[in-house]
Amino acid sequence: MPTTVETNTGMDRRTRFREYMRKLNPSLPGPMVIEAGLALSELHGSLYRTLAARADLEPDSQQIVVGGTGSGKTTELLLAQQSLSESGHTLPFYIDISVETDLSTLSSGALLASFGIHLARHFRDLDIPKTLPKEVRVKISKAAQKVVEFARGKNESIWVPDSDQPDEVDFGEDDEGEPGRFVLHQTPGKLSPRFPAIQRDIAGILEPLAEFLSVLRQRQLDVIAVFDGMDRLLSPEKFWAVADQDFRALRRLNVAVLAAAPISVLYGNGRMVSEHFDRVHHIAALNPNPDEDTALTEVLIHRGAVDAMDSSGMDRLVRASGGVLRDLISLARDACETAYVEGLDRVTSANIESVVGQLGESYLRGLGTKQLQSLRELAEDGSFDLSQPQNLELLFTRRVLEYSATDFRVHPSLAPLIPE
Amino acid sequence: MGEFKSQAAFEIGLRLDVRGDDSFTWIVVSGTDLKDDDALEGFTMDLGLTTERAVAVVNAEALSAEELVGLLQKAPEEITVLTGLDDRDESFWSALDINRSGLVRPGALLLWLAPQGINNLCSFAPNIRSFVGGSMIALQPDGSAFSQTERADRIRELENHYGKTSSDLVRDIEGGGSPEEPQIIEWLILLGRGDLA
């Protein structure tokens, strides 16, 4: 039975429409969506439970969640984190790496650095060191320092003998009488966005991380790293350049990993990246036919759209979304907003067609001749050659939607706008 | 190729208002003369009047993606119009797109883009495009761009439509009436009484 919502009667028009906007906000951050009760946890089956169960039962497992932009990956990762937290014997850290550092210059070690910072912060916030024996406290303190240096970089004075200096330099002597000087040496950190990629000794950070983990495991807590944001590294090569060493290191530390990955790992050379993971979960586009599947209609009902429009309007939005969750919510929001600006009390079919056209127009922009040709061919005879780079790009940018390994379709709001 | 929906600044302001103050919203505002400083000034003024909030303008022309992220997070609640994006290249848009989470902020972000800038966004920044969705609006010249004759004609049109004079309108609003309809708000702005909007 779909969830029903209270009908908003008696409110003035602006307040009523503001409430629609609040519930139909496609750019609300994932944690706020869940906190507001707007997420339908079973939308993708019980994916988040599957993620959580494996991470819980296999402490060194590594799973990736793959799907196009706006498919709901972040929500599933957050729900998995929530489920793991509630278990009482796991400690999941959700890390949106793109918030913590400049992802476009991401290098090996950055994921470990961020993970280490979260671990250290957890110890500090819960005041764990106070409960530990002194010798362990000292180890943890040193480990924390090493983690921060690894992440943020460090400045240190280094003695440089005069033998290494040009002849005109003369700055005094060291303790043993050898002339030289102190030089400030800056070691960049892994999370410092100002510096280009630098190869670091990842092995050097493992011991400090192991110190933290050892304390937690003595408290019967298994640590799990949930990495979000890396799906925006659109190419499998970029994703793997970042993830490879760090994920291997986390496996050595027996830390389970859940991560968002780009959809490109499912196709072509990207499949080699997928093979490194214990499980690859693909969030495909949902069924956009409301007569066959009510899931997307339930999303709209759960978010209060039934107060703003009739069921035929919701059906039209579901079809026009192509099964892309964010597009569905965006269309519903835009339709309500258009009705409001036009002085209407409820969304009309004209409002809906208008916003569907706008969404299609946004997908149409920036398309080149080859891409338009590919879209025409897909629309006309269903052919879609994944070996062609422009076709993969159409997939990554969601002009083409994947419903299964063999079912690809032009986004329905774009399809009518493709020039002949 | 079709066009995006054409709207005046106050209508865009109405959209921002109904979306709420902390809406994490993204909108692309497009037009052919967006390099015109007067157009930008008029737009931000009308936007501020309609939303009753301050509107900041940030020129991203010489900023790296990282610098832009840092700047936008300094005043994350502010409605901000982002200019200087039209000539940015693929690597900039890609970096911005990859770091999309860093751009997420409660205050509305309006990307001031000419058609080519929109093409670049849609080509190189699919994650940002997903956030914007269909919120791409062609800026319609509104009252601030009308000549005196055009303004007078439009006011006369509105008076005939509503069957009242401009003085009657102002008296009604000052007496406690609520200008909810977009055309009423437009009328007030044309009269220079955006304060009542």
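Everything below is about the structure printed above this text.
Here is a short report on the structure shown in this document. (Residues numbered from 1 in each chain as written. Chains lettered and ligands numbered in written order. Predicted model: local features only at pLDDT ≥ 70, side-chain atom pairs only at ≥ 80, totals over all residues. Heavy atoms only, no water.)

The subject of this paragraph is the packing of helix H4 (residues 90–98) of chain B against helix H6 (residues 115–124) of chain B. Residues and elements named next belong to chain B. Between H4 and H6, the shortest axis-to-axis distance is 9 Å and the interhelical angle comes to 55°. In terms of orientation, H4 lies oblique with respect to H6. Crossing angle aside, the handedness with which H4 passes H6 is right-handed. Where H4 abuts H6, its residues Glu90, Trp93, Ser94 and Asp97 lie against Gly117, Asn120, Leu121 and Phe124. Each residue belonging to the contact of H4 with H6 can be placed in one class, and the counts come to 3 nonpolar, 3 polar and 2 charged. (Axes fitted to C-alpha atoms, helices over the stretch in contact; angles between N-to-C directions. Helix = DSSP H or I, 4+ residues; strand = E, 2+ residues; numbered from the N terminus. Parallel < 35°, antiparallel > 145°, perpendicular 65-115°, else oblique. Left-handed = near helix turned anticlockwise from the far one by under 90°. Contact = heavy atoms within 4.5 Å. Nonpolar A, V, L, I, M, F, W, Y, C, P; charged D, E, K, R; others polar.)

Let's shift gears to the nonpolar core. In this structure, A:Phe115, A:Phe227, A:Met230, A:Phe239 and A:Phe247 are the most contacted members of the largest nonpolar core, which totals 110 residues. Element by element, the count of residues in this core is highest for helix H13 (residues 325–341) of chain A, at 10 residues. Those residues in contact with A:Phe115, other than ones at most four positions away along the chain, are A:Phe93, A:Ile95, A:Leu209, A:Leu213, A:Val223, A:Ala225, A:Phe227, A:Leu250 and A:Val255. In terms of nonpolar packing, the next biggest core, distinct from the first, is built from 29 residues, B:Phe4, B:Val28, B:Ala65 and B:Leu68 among them. (Core = buried A, V, L, I, M, F, W, Y, C linked by side-chain atoms within 4.5 Å. Buried < 20%, exposed > 50% of the residue type's maximum accessible area, 1.4 Å probe, protein only.)

Residue and element names in this part refer to chain A. The sheet built from 5 strands is open, its strands ordered E2-E5-E6-E1-E7 with parallel pairing. Two strands close off the open sheet at either side, each with one partner strand: strand E2 (90–96) and strand E7 (279–283). Here the average twist between neighbouring strands, direction ignored, is 15°. Two elements, strand E1 (residues 62–67) and strand E6 (residues 256–261), share 5 bridges in a ladder whose sense is parallel. The residue bridging Gln63 from the neighbouring strand is Leu258, located in E6. Packed on one face of the sheet, helix H4 (residues 73–87) meets E1, E2, strand E5 (222–228), E6 and E7 and runs near 155° to E2. With respect to the sheet, helix H6 (residues 110–125) is in contact with E2 and E5, its orientation differing from that of E2 by roughly 125°. (Pairing = 2+ DSSP bridges.)

The next thing to look at is the interface of chain B and chain A. With 42 residues of chain B in contact, the opposing surface of chain A contributes 47 residues. Between chain B and chain A the total buried area reaches about 4000 Å² when both faces are included, carbon and sulfur atoms providing 50% of it. At the junction of chain B and chain A, the tally comes to 6 salt bridges. Between B:Arg19 and A:Glu337 there is a salt bridge, with the nearest N and O atoms lying 2.4 Å from each other. The tally of links between chain B and chain A comes to 19 residue pairs in polar contact (both at pLDDT 80 or more). Listed by contribution, the elements that provide at least two residues to the side of chain B that touches chain A are strand E1 (5–7), helix H1 (9–19), H4, helix H5 (100–103), H6 and helix H7 (126–132) of chain B. Here the residues of the side of chain B that touches chain A are counted per class, giving 15 nonpolar, 15 polar and 12 charged. (Buried area = accessible area lost by both parts, 1.4 Å probe. Salt bridge = Lys/Arg side-chain N within 4 Å of Asp/Glu carboxyl O. Polar contact = N/O pair within 3.5 Å; in protein donor to acceptor, adjacent residues only side chain to side chain.)

The topology assignment puts B:Gln7 in strand E1. Assessed through its relative accessible area of 3%, B:Gln7 is described here as buried. In this structure B:Gln7 touches A:Val341, B:Ile12, B:Arg15, B:Ile137, B:Ala138, B:Leu139 and B:Gln140, once residues within four positions along its chain are discounted.

With that out of the way, let us pick up the pattern of salt bridges. Tallied over the full model, the rule gives 25 salt bridges over all chains. Put simply, A:Arg13 and A:Asp345 hold a salt bridge, and the shortest N to O gap is 3.7 Å. Of this pair, A:Arg13 sits in helix H1 (residues 13–23) while A:Asp345 sits in the loop between H13 and helix H14 (349–364), and the two are 332 residues apart along the sequence. B:Arg19 is the partner of A:Asp334 in a salt bridge, and the nearest nitrogen-oxygen pair spans 3.8 Å. Taken together, the residues A:Asp334 in helix H13 and B:Arg19 in helix H1 connect one chain to another.

So, on to the pairing of strand E6 (residues 136–139) of chain B. Relative to E6(B), E1(B) is paired through 3 bridges, and the arrangement is parallel. Residue pairing across strands places B:Lys5 opposite B:Ile137, the latter belonging to E6(B).

Residue and element names in this part refer to chain A. Between the first and last C-alpha of H4 there are 21 Å, a value that for 15 residues agrees with the 21 Å anticipated at 1.5 Å per step. For H4, the complete set of buried residues consists of Lys73, Thr75, Glu76, Leu77, Leu78, Leu79, Ala80, Gln81 and Leu84. Immediately downstream of H4, the backbone of Gly88 shows phi near 90°, a positive value. (Expected span 1.5 Å × (residues − 1).)

Sheets are built from strands paired through backbone hydrogen bonds, the pairs being either parallel or antiparallel. All names here are of chain B. Across the sheet, which stays open at both edges, the 6 strands sit in the order E1-E6-E2-E5-E4-E3 with parallel pairing between neighbours. A single partner strand is all that each edge strand has here, and the edge strands are E1 and strand E3 (55–59). Within the sheet, the average angular offset between the axes of one strand and its neighbour, ignoring direction, is 30°. Inspection of the sheet shows strand E4 (residues 79–83) paired to strand E5 (residues 109–113) by 3 bridges, in the parallel sense.

Here the focus is the environment of A:Gly322. All names here are of chain A. Looking at where Gly322 falls in the secondary structure, it is placed in the loop between helix H12 (311–321) and H13. Look at Gly322 and you get buried, because its relative accessible area is 0%. Note: C-alpha distance between Gly322 and Pro290 (32 residues apart in sequence) is 11 Å. Not counting chain neighbours up to four residues away, the residues in contact with Gly322 comprise Ala285, Leu286, Pro288, Leu401, Tyr403, His411 and Pro412.

As a further point, take the layout of surface pockets. Put simply, the largest pocket is a space of about 740 Å³. Here the lining of the largest pocket takes 4 residues from H4(A), the largest share from any one element. Grouping the constituent residues of the lining of the largest pocket by class yields 17 nonpolar, 13 polar and 10 charged. The space that makes up the second largest pocket amounts to roughly 540 Å³. Along its surface, the second largest pocket is lined by 27 residues, and A:Leu234, A:Ser235, A:Pro389, A:Glu393 and A:Phe396 are the ones closest to its centre. Residue assignment for the lining of the second largest pocket shows that the elements contributing at least two residues are helix H9 (236–252) and helix H16 (389–396) of chain A together with H4 and H6 of chain B. Ranked by residue count, the leading element in the lining of the second largest pocket is H4(B), at 5 residues. (1 Å grid on protein atoms, 1.4 Å probe; cavity = no way out; pocket = protein on both sides within 12 Å on 5 of 7 lines; lining within 4 Å. Points joined across faces, edges and corners; volume = space filled by probe spheres on them.)

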